[in-house]
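Given next are the chains, with one letter for each unit.
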Amino acid sequence: MGLLSFWEKETYYADNDIVIIGGGLMGIWTAIELKERNPSLKITIVERHISPLGASTRNAGFACFGSLTELLSDEAKMGTDAMLHIAGMRYKGIQKIKQFVTEQSIDFDPCGGYEPLVNYGSSDVLNDKIQYLNQLLLPLTGVDQTFSNATNRIAAIGLKNFDQLVYNPLEAGIHSGKLVNGLTSIALHKGVRLLNGINIEGWTENNHSVELITNQPFQLKANKVVICTNGFTESLVPELKIEPARGQIILTKPISNLITKGTFHFDEGFYYWRNVGNRILLGGARNSDFDNERTTNFDGSNRIENILTEFINTHVILNEPVEIEQSWSGIMGFTTDKLPLCKSISTNIVAAIACNGMGVALTPIIAEKVATTLAI
Ligand SMILES: Cc1cc2nc3c(=O)[nH]c(=O)nc-3n(C[C@H](O)[C@H](O)[C@H](O)COP(=O)(O)OP(=O)(O)OC[C@H]3O[C@@H](n4cnc5c(N)ncnc54)[C@H](O)[C@@H]3O)c2cc1C
């Protein structure tokens, strides 16, 4: 008695040119990019959950370009050229998203981004840093003032207990569910197959192909495999040393007369919030408990939820007590050098992982690197 029917073998489980493991943004953009370059490729995305379950549909929905302190901190860690390279990828990534999906279909909101600061030094210190980054970023953005000092607008945008404020008009908000859903439809329309509910547990490989071991009583075969498992990579490819990092989010009940509108970063991006209509979505505080947040466990901690709630009360001007309606967590993947990773790990397998908490804008561009690495 065969496990699979003739029909199933010829369709759902037919051999592939390429199998992509992971149905988040990285996996979907990779499929789209490969099909754009070669429409005849037989490609399957394998996602172990019913819908993607990691970072892509559980994030904060910022089309992130990069806040001032984050870019300066990146520069200190990786050098000016690498920082500018990543910032350029993010900027191009946002443009690329808009070539594939309409702004309307993903609730693209070009609301701009703000970064409030505490104890950052004098306004001269801040203005010098703004000017320094603006000059570096001008060739990328074509905008004289990517960042500007908006300290005089702290109260006007509904914030309190901050010393200074930086504005970046290039940041935007999106609806993360609509983005992933819309891009998945594009991939399917291009003929990509999507198999949900199959966990890839390992593989065997020869010079020409890979047999993927699954949690089902059958294997999947492909000439090439792309691993897009982000924060869950440790169990498949431990040598890549991708660290999981849980990010927790709270969403308030609707707030009447909410003043705060836009996207906001604080503390090098460790706190991030935005309005979703008349609610506030706030995430972060991972830096208050790095050890316990280095996990793939989705059960959030009450401690972090309390810190986030307290942050809203401390920093957002509200006319009524804040009430939290929803909370959830997602799992990010971090490389040790904070750079995204696209790497051949064997003759037929490439890993594209770890967008380090900023994958919305980066994944479409890393997908191009995957295609080049696969020589497609
Ligand atoms: C709370 C939070 C807030 C964030 N906010 C933002 C933001 O505002 N802007 C921004 O740019 N970025 C943000 N990010 C980061 C961004 O969401 C990620 O960089 C991006 O979604 C990564 O996409 P991915 O496809 O690599 O990973 P994921 O979306 O995690 O996808 C990986 C998929 O692989 C699947 N998988 C794993 N192992 C296997 C296996 N063995 N077999 C089959 N399937 C498997 C998982 O089920 C998962 O669906 C945030 C992340 C979090 C967690």
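All of the points below concern the structure found in this document.

Definitions and cut-offs
Residues numbered from 1 in each chain as written. Predicted model: local features only at pLDDT ≥ 70, side-chain atom pairs only at ≥ 80, totals over all residues. Core = buried A, V, L, I, M, F, W, Y, C linked by C-beta atoms within 7 Å. Buried ≥ 20, exposed ≤ 12 C-beta atoms within 10 Å, placed from the backbone. Helix = DSSP H or I, 4+ residues; strand = E, 2+ residues; numbered from the N terminus. Contact = placed C-beta atoms within 7 Å. Near = placed C-beta within 6 Å. Nonpolar A, V, L, I, M, F, W, Y, C, P; charged D, E, K, R; others polar. Domains from an automatic or database assignment. Expected span 1.5 Å × (residues − 1).

Thoughts on the nonpolar core
Here's step 1: Counting 95 residues, the largest nonpolar core has Val225 and Ala352 as the members making the most contacts within it.
Here's step 2: Per element, the largest residue contribution to this core is eight residues, and it comes from helix 9 (residues 359-373).
Here's step 3: Every residue in contact with alanine 352, bar those within four places of it in the chain, is listed here: Met26, Thr30, Val226, Cys228, Cys342, Ile366 and Val370.
Here's step 4: Among the nonpolar cores identified, the runner-up in size contains five residues, and Phe232, Ala245, Ile331 and Met332 belong to it.

Quick notes on the site of the ligand
Here's step 1: Near the ligand you find 43 residues, and of these Gly24, Gly54, Gly247, Gly330 and Gly359 are the closest.
Here's step 2: Contributions of two or more residues to the shell around the ligand are made by helix 2 (25-37), strand 2 (43-47), strand 12 (243-252), strand 16 (324-334) and helix 9.
Here's step 3: Top element by residues in the shell around the ligand is helix 9. It accounts for four residues.
Here's step 4: For the shell around the ligand, the per-class residue count stands at 21 nonpolar, 19 polar and three charged.
Here's step 5: Residue contributions to the shell around the ligand reach at least three from each of two domains, namely domain 1 (6-58 + 177-242 + 337-373) and domain 2 (108-172 + 243-334).

A closer look at helix 3 (residues 68-78)
Here's step 1: Leu68, Glu70, Leu71 and Asp74 are the residues of helix 3 that are buried.
Here's step 2: Two residues or fewer after helix 3 comes glycine 79, characterised by a positive phi angle close to 95°.

Quick word on helix 2
Here's step 1: End to end, helix 2 covers 18 Å across 13 residues, agreeing with the expected 18 Å (1.5 Å per residue, within 8%).
Here's step 2: When you tally the buried positions in helix 2, you get 11 out of 13 residues, the bulk of the element.
Here's step 3: Regarding helix 2, the residues found buried are Leu25, Met26, Gly27, Ile28, Trp29, Thr30, Ala31, Ile32, Glu33, Leu34 and Lys35.
Here's step 4: Elements in contact with the buried residues of helix 2: strand 1 (16-21), strand 2, helix 6 (176-189), strand 11 (219-227), strand 18 (349-353) and helix 9.

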